[in-house]
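# Topology and contacts: notes
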Amino acid sequence: MAQAATASAGHGEIDEHHWTSTGLDTRKLAIWGFIGSECLFFASLIATYLVYRGKSLVGPLPHTESQCMMHGKMQACEAIFEIPLVTFGTAVLLFSSLFVVLALYGAQKGDRKMLITWLSATVLCGLFFVGMQVYEFYHFFHKGLGYSTNLFSSTFYTLTGFHGSHVTLGVIWLSTMLVLALRGKLPPEKALNLELAALYWHFVDVVWIVIFPVVYLMR
Amino acid sequence: MSAHATHGHGDDHGHSHPTPRTYLGVGVILFALTALEVLAYEVGHRPTWPLHGMVEPIVVPILLILSAFKFFLVAAFYMHLKQDSKLFSNLFVWPIVLAIALAMALVVLFNYWVKETY
Amino acid sequence: MDTRPRRAWRAWLARAAVLGLVLFVAACGENYHQSTLQPKSDITRMIDGLFRTTFLWAMIVFVLVEAALIYALWRFRAKPNDPEPVQSHGNTTLEIIWTAIPALILVVIAVPTVKTIFKTSLPAPNPEVEVEVIGHQWWWEFRYPKLGIVTANEMVVPVSKMVGLRMWSADVLHSFWSPQLAAKRDVFPIFPQTKYKKVNPLWFTADSVGDYSGQCAELCGIQHGRMGLRVQVLSDADFQAWVAQQRVGSPLVDGGKPPAAVDSAWKADTVHTKGQAAFVAGGCIGCHAMVGTPLASALTLRGPNLSHVGSRTTIGANMYENNPTNLAQWLRDPQGMKKGSHMILPRPLTETEIAQLVAYLRMHK
Amino acid sequence: MATSVLEHRAPAMPHAHPKTGLWSWITTVDHKRIGILYGATAFLFFLLGGLEALIIRLQLTGPNGKLVDPDTYNALFTMHGTTMIFLGVMPLSAMFFNYFIPLQIGARDVAFPRLNAFSYWVFLLGGIFINISFLVGAPPDGGWFGYANLTSSRVIPSTAAAPAPGLNIDFWVIGLQILGIASIAAALNFFVTIVNLRAPGMKMLRMPMFVWMSFVVQVLLLLAFPVITVALIYLMMDRNFGTSFFMPDGGGDPIMWQHLFWIFGHPEVYILILPAFGIASEILPVFSRKPLFGYTAMVFSGIFIGFVGFGVWSHHMFATGMGPFADTFFSLATMVIALPTGVKIFNWIGTIWGGSLRYTTAMMMAIAMVALFVIGGLSGVMHSSAPADLQQTDTYFIVAHFHYVLFGGAIFGLTAGAYYWWPKMFGRLLDEKLGKAHFWLMFLGMNATFFPMHILGLNGMPRRVYSYPEGLNFEFWNLIETVGAFVLAFSFLIFLVNIIKTWMGPRNAPADPWHGATLEWAIPSPPQEFNFPKLPQVGSSVPQWDARRAAGGHLPEPALVSGEGIHMPNPSFWPLMAAIGVNLTLGSLLFIRQLPYWYGLTLFGAAWLFVSVYKWAFEPAH
Ligand code: HEA
Ligand code: HEA
Ligand code: CUA
Ligand SMILES: [Cu+2]
């Protein structure tokens, strides 16, 4: 790891076991490469959503009333989206991004209290967001929007579902970090471990920054 | 070995390390931007609200610009791309450029360049 | 090394080269009855011209590149005690030249390409004959909405008249390909519920009378290999006669009801009446529209319309010649004749029924 | 380098690693061993794909072939294409990535050795998974690009009840998803390795060309695979949960599948060819005794190919009727790729020009790759003209094109690499006489098999047909093709004989049998576990030539050293466990349509994966 290179640097000699050509940490490079790859994953999902926008054959539809099949008969269905709830979820996710940098700051400065406080807050926010999504899905389902009801539902659930599963993975990862922090196993030298999780978490957050307006706000 | 590798996580290249204050500031802006997004949405879709006529036709661009700005803030400050190695920024930016290009190409291919029925 | 075997090698090589050339020339000859190199319509001629341009330039590049390569291989082969070759690392002028020349060649190809794209990819402006092409697993349906004709696997068109096709599919993707007349284009499924319909256009003006074979060109399941088609180009007079004949009992004319005179003639004909009884009893009506049967007007059945099956030259989508033996075998064992085909008989037919049906089907020209 | 999330428990002392035995292979994290595993596995899959091709050829030898049923035939070409591409050429390339990227950049291992092992195991299990379909009688049969809606389960929504769809396509969908995980993991690993583990002094523009092309490939993999993953997920949902992503009856569009597939599929073909380009760029200079001509141009043309490769996908869809603007765009974009590729060809010729050419088998294979690829490339340019492609698409003209680039290009390139690097990998030189026989038969067989396909295609023979009637006169060239295919098979038998013969012979290879230019030739053959006792210092793109020149033309044989004090990563068994977890989780999805309670197995697999990943993360890496 790069931090251990300190010993030999400056002497014109290299520490062979910690040599990296760019001086950057290898794991951090990997997580960024992975994030780059994930961009294309979400791009494909979002592109499909956009292409199929407005092409559903039956309701329910996201923003407008429509005819849809419910309880075995065609009837008028209300618009699906409830903007206030998602807005709140979005804000929570944004805050969690803030919290996790604060936690990382604490980890890097060796401020255990700061680390644990903000990391717990992050995990809670993440859990809240997942909970919000589960609630939302449940609610939508009861408004007649099954997974295969129409193109909107399929693309919507797949896109937000995969985002949600990324959030879930992030929560698991951050919780692991939290446990380590509680056990005092996240000293400043190991802050990088948290940084990797945090990068992933931010990525999941910025994906939502795109999804929120594109899916929920654009009619 | 290059000198900067001695600094540990490779996260400060002579720039000042951001402080919780910066993070908080960014957080406030992010929140404000989200509020603006929702405001734009509401104004754009409620004919009775003030400024509706002005906002309605440009709701989508407004939303896209605001969210791009939010995206930028999180990436630059929270993901430390502002201080970190340029390489990381490249690893993020180019895939995004490709992603946007592909998504736009698909939308165009499906909506503008084909006539469904002859 | 002894030089003799080498010489022998060379002689053989020369002979092989001559043989190769002969074969290659033969390869472009008229022997192939489905060849893209034998265009017989305006659109395929246009495409063929374009192909020849690209082919010519590709050949030029090919010869130059391979010649340079082979020359270098021979000229610079290692000899004992070679000094170390000059360690050249590259040459910017050369790089520019060998980017620029290919770029020019590409421009030469690109210009006719784009021109032809704009000429070929749009629907026919005002076709004289309109045909709807509908792909089915694994046969083709051809409808002439304006002429009131529904037929299968064999499209009949007049010579020197622009034919406009509108094409779609009833199940999976297929691709309509008539190499000498119309090139190819995929057909996409349209189901009754489909809101956004993708109907693909194609058009051609055949320039000589003849019988041309073609084939489905998109993998569409087990019998994709035998989803053939024919296009018959007739003189105008022959075409008019064909139209008049096919209109009798077409689902698009009078709901499949034949003119009264024809109808009563048939009713007096035992071949017809017995055959029709077998047709109903054998379950054929479940999948086939047939003049005189209750479902004569149906357009959405599984199998081809059989009202004029006797006038077709092949059965099973250009798979078998339409003769009594093949037809009988087809009815005896459709799955054996075309494995996987969607023609599944509700029950095996008796030999009598088969004989009756064959006579009946062949009678309906 | 460690992958573990935590290293606090990692004791910094050298471990005694078991060096032989099955267990040592199962737990190995050594990039060289993993490379060999990749190579051996992929070669077996290649033979299997070849066997499928031979049956295809036998069926088509004469008109109205009756050897196999039409459905079996469909399965044969589907599995032949899938196997050759995903289980043959890609992992054969991965063998070379594994073995030679670290050696050529002067590293001790890849960045994440355990992730590397994981990739291999996932690939192996995924490959087995997809082939098990044959044993249960449900081999995939939708073509290697599995066009929807043939591959969606609701094909005919008519009155007659459609038969319940078999598992055929499910094997394919899930198998490709599993293989995708292996590819992404490996790509990430090599990407980081190349960026971060180059020896001191090896700037990016000093990297060997093989490493450069591999680098481009990793980027393409990282960017292209997510797209097909999404497409496969949609297809899986359409098949199992009644969605309509590609089904017109629900408003979806089968063309969406084609776009998503080819956005992946076209970059994929460069994923297949660029490693071979890299290998040729290693071999040609060495046996010409001249450095690679136009190094920088070669680097940038490779990058350019990869970049433009993302903007041409719809040239596979000219017949779908995209309208004149899209046709024009994709035609022109496709043509542009001829330019950087041409730059490569011309620079290769520039490399041998004025050289002193030694015709080893490796050299001959590499030259043949250049010569044959040009043919495939030029037919590619003929397809790129959209209206002309309306006649060519889905005919044997296309089959000719892609076998010239895939067999003439990729397989010749990879075989060249095998001959070139065999002594480094196994300490034994392959027999040159047998090698030349292999070469000539392969060259001959290749042209006999695939050249006539041009003629047949233009003369109207469509691809993917299980038989053809007599009247069309296809039989003569088909017969020649079949003969050619058996010549090819025979050439590979000679290769096998060569391998076995060499295997039984002594270890006779010096460290640098060819007077190579790059770092892998500076160390013993085969290399020791740690590769380099001391990280090399690199001053140019041909470090070994520099060293040789500095030493006055003769280098002493490098000595074996003890490796005392070099920490190598610990062997680990968790990568295999995690790979099993991946396979259980995804593999069990095979049955969700039929038997919902298989969800239990999915959950079990996920739990298994979860535990394995934690074990892996908390296991000491060194
Ligand atoms: C290794 C894999 C590989 C490679 C490298 C390529 C390279 C190219 N391919 Fe190919 N291609 C495939 C694998 C590959 N292809 C496969 C597998 C399919 C079929 C998929 C399927 O349907 O199953 C396919 C199909 C395919 C199609 C679709 C055909 C159809 O189905 O209708 C097209 C159309 O444009 C195409 C074009 C090209 C072009 C222009 C190149 C170019 O990159 C070639 C560039 C090279 C040269 C041109 C030669 C060297 C250059 C010079 C000597 C310079 C001078 C040249 C000129 C001025 C022309 N390919
Ligand atoms: C890298 C890729 C690759 C390679 C190397 C090959 C190699 C070969 N391919 Fe191809 N092929 C494809 C990729 C490849 N192929 C693809 C993508 C398709 C399209 C599929 C689709 O349409 O979906 C295709 C389709 C395809 C077709 C068209 C089928 C059709 O459309 O109906 C044919 C027909 O001749 C063919 C033939 C061959 C032959 C004869 C070889 C030969 O070169 C094979 C030579 C190798 C051997 C003969 C192996 C030696 C075997 C032994 C020595 C036996 C021992 C065996 C064991 C121990 C198990 N292939
Ligand atoms: Cu219809 Cu192939
Ligand atoms: Cu392509």
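### Observations concerning the site of ligand 2
Residues and elements named next belong to chain D. Around ligand 2, a shell composed of 34 residues is seen, among which Arg57, Tyr73, His80, His403 and Arg464 lie nearest. With respect to ligand 2, the side chain of histidine 403 contributes an N or O atom lying 2.7 Å from a nitrogen atom. Contact between ligand 2 and arginine 463: an oxygen atom at 3.0 Å from a side-chain N or O atom of the residue. Elements that contribute at least two residues to the shell around ligand 2 include exactly α2 (31-60), α3 (70-105), α13 (396-426), α14 (432-458) and α15 (475-504). Take the shell around ligand 2: its biggest share by element is eight residues, from α2. Residues belonging to the shell around ligand 2 are distributed by class as follows: 25 nonpolar, six polar and three charged.

### Topic: the sheet that holds strand β9 (residues 210-216) of chain C
Residue and element names in this part refer to chain C. With mixed pairing, five strands are arranged side by side in an open sheet as β4-β10-β9-β6-β7. Each having just a single partner strand, β4 (154-158) and β7 (183-187) make up the two edges of the open sheet. Across this sheet, the average inter-strand angle for adjacent strands is 20°, counted without regard to direction. Sheet topology places strand β6 (residues 174-178) next to β7; five bridges connect them, and they run antiparallel. Bridge pairing in β7 links serine 178 to alanine 183. Of the strands in this sheet, β4 and β10 (228-234) are in contact with helix α4 (residues 236-247), which crosses β4 at around 130°.

### Structural notes on the coordination of the copper ion (ligand 4)
All names here are of chain D. Coordination of the copper ion (ligand 4) by the protein involves His266 (ND1), His315 (NE2) and His316 (NE2), with metal-donor separations of 1.9 to 2.1 Å. Between the two metals, the copper ion (ligand 4) and the iron atom of ligand 1, the spacing is 4.5 Å. What makes histidine 315 buried here is its relative accessible area of 13%.

### Regarding the site of ligand 1
The full set close to ligand 1 counts 34 residues, and Trp144, Tyr270, Asp389, Thr393 and His401 of chain D are the nearest of them. Flanking ligand 1 are residues from chains C and D. Between ligand 1 and tryptophan 144 of chain D there is a distance of 2.7 Å, counted from an oxygen atom to a side-chain nitrogen or oxygen. Contact between ligand 1 and tyrosine 270 of chain D: an oxygen atom at 2.7 Å from a side-chain N or O atom of the residue. Of all the secondary-structure elements, those providing two or more residues to the shell around ligand 1 are α2 (42-75) and α3 (92-120) of chain C together with α7 (254-288), α10 (338-352), α11 (361-384) and α13 of chain D. In terms of residue count, α11 of chain D provides more of the shell around ligand 1 than any other element does, seven residues in total. Residues belonging to the shell around ligand 1 are distributed by class as follows: 21 nonpolar, 11 polar and two charged.

### What about the interface of chain D and chain C?
On the chain C side, the residues contacting the 102 residues of chain D number 90 residues. Between chain D and chain C the total buried area reaches about 8,000 Å² when both faces are included, carbon and sulfur atoms providing 67% of it. Where chain D touches chain C, the interface holds three salt bridges. Measuring nitrogen to oxygen at the nearest pair gives 2.9 Å for the salt bridge that ties lysine 339 of chain C to aspartate 69 of chain D. Applying the counting criterion to the chain D and chain C interface returns 30 residue pairs in polar contact (both at pLDDT 80 or more). For the side of chain D that touches chain C, a count of residues per class yields 62 nonpolar, 28 polar and 12 charged.

### A look at helix α5 (residues 168-196) of chain D
Here α5 of chain D contains 29 residues, and its C-alpha end-to-end distance of 42 Å stays within 8% of the 42 Å for a straight helix at 1.5 Å per residue. Counting buried residues in α5 of chain D gives 28 out of 29 residues, a clear majority hidden from the surface.

### Notes on the sheet that holds strand β5 (residues 162-169) of chain C
All names here are of chain C. Sheet architecture is open: five strands sit in the order β3-β2-β1-β5-β8, paired in mixed fashion. Looking at the sheet topology across the chains shown, the edges are occupied by β3 (149-152) and β8 (200-205). Each neighbouring strand pair of the sheet contributes to a mean axis angle of 25°, computed without reference to strand direction. As defined by bridge partners, β5 adjoins β8 across six bridges and the pair is classed as antiparallel. Considered in β8, the bridge of methionine 167 is made with asparagine 200. Contacting β1 (129-136), β2 (139-144) and β3, α4 runs over the sheet at an angle of about 95° to β3.

### Section: the side chain of glutamate 282 of chain D
Residues and elements named next belong to chain D. Topologically, glutamate 282 is positioned in helix α7. Comment: no salt bridge for buried glutamate 282; closest opposite-charge side chain is lysine 344, at 10 Å. In terms of polar contacts, glutamate 282 uses its side chain to reach the side chain of glutamine 104, at 3.0 Å. Polar contacts involving the side chain of glutamate 282 include one to the main-chain amide nitrogen of methionine 209, which spans 3.0 Å. Apart from the residues within four sequence positions on either side, glutamate 282 is in contact with Gln104, Pro208, Met209, Phe210, Tyr420, Trp421 and Thr518.

### Brief notes about the domain arrangement of chain B
Residues and elements named next belong to chain B. Under the domain assignment, chain B is made up of domain 1 (18-83) and domain 2 (85-118). Spacing between the C-alpha centres of domain 1 and domain 2 amounts to 22 Å. Roughly 360 Å² of surface becomes buried between domain 1 and domain 2 when both sides are summed, with 76% attributable to carbon and sulfur atoms. In this assembly, domain 1 and domain 2 are joined by zero salt bridges.

### Quick look at the domain arrangement of chain D
Residue and element names in this part refer to chain D. Segmenting chain D into domains produces domain 1 (2-8 + 31-555) and domain 2 (570-622). The distance between the C-alpha centroids of domain 1 and domain 2 comes to 29 Å. On the side of domain 2, 24 residues touch domain 1, which itself brings 27 residues to the contact. For the pair domain 1 and domain 2, the summed buried area comes to about 2,200 Å², and 73% of that belongs to carbon and sulfur atoms. At the boundary of domain 1 with domain 2, the tally comes to one salt bridge. Two residues, glutamate 619 and arginine 114, come together in a salt bridge whose shortest N-O distance is 2.7 Å. Inspection of the region where domain 1 meets domain 2 yields three residue pairs in polar contact (both at pLDDT 80 or more). Grouping the amino acids of the side of domain 1 that touches domain 2 by side-chain chemistry returns 18 nonpolar, six polar and three charged.

Scoring rules and cut-offs
Residues numbered from 1 in each chain as written. Chains lettered and ligands numbered in written order. Predicted model: local features only at pLDDT ≥ 70, side-chain atom pairs only at ≥ 80, totals over all residues. Heavy atoms only, no water. Near = heavy atom within 4 Å. Polar contact = N/O pair within 3.5 Å; in protein donor to acceptor, adjacent residues only side chain to side chain. Helix = DSSP H or I, 4+ residues; strand = E, 2+ residues; numbered from the N terminus. Nonpolar A, V, L, I, M, F, W, Y, C, P; charged D, E, K, R; others polar. Pairing = 2+ DSSP bridges. Axes fitted to C-alpha atoms, helices over the stretch in contact; angles between N-to-C directions. Contact = heavy atoms within 4.5 Å. Donors = N, O, S within 2.8 Å, 3.2 Å for Na, K, Ca; no water. Buried < 20%, exposed > 50% of the residue type's maximum accessible area, 1.4 Å probe, protein only. Buried area = accessible area lost by both parts, 1.4 Å probe. Salt bridge = Lys/Arg side-chain N within 4 Å of Asp/Glu carboxyl O. Expected span 1.5 Å × (residues − 1). Lys, Arg positive; Asp, Glu negative; His and termini not counted. Domains from an automatic or database assignment.

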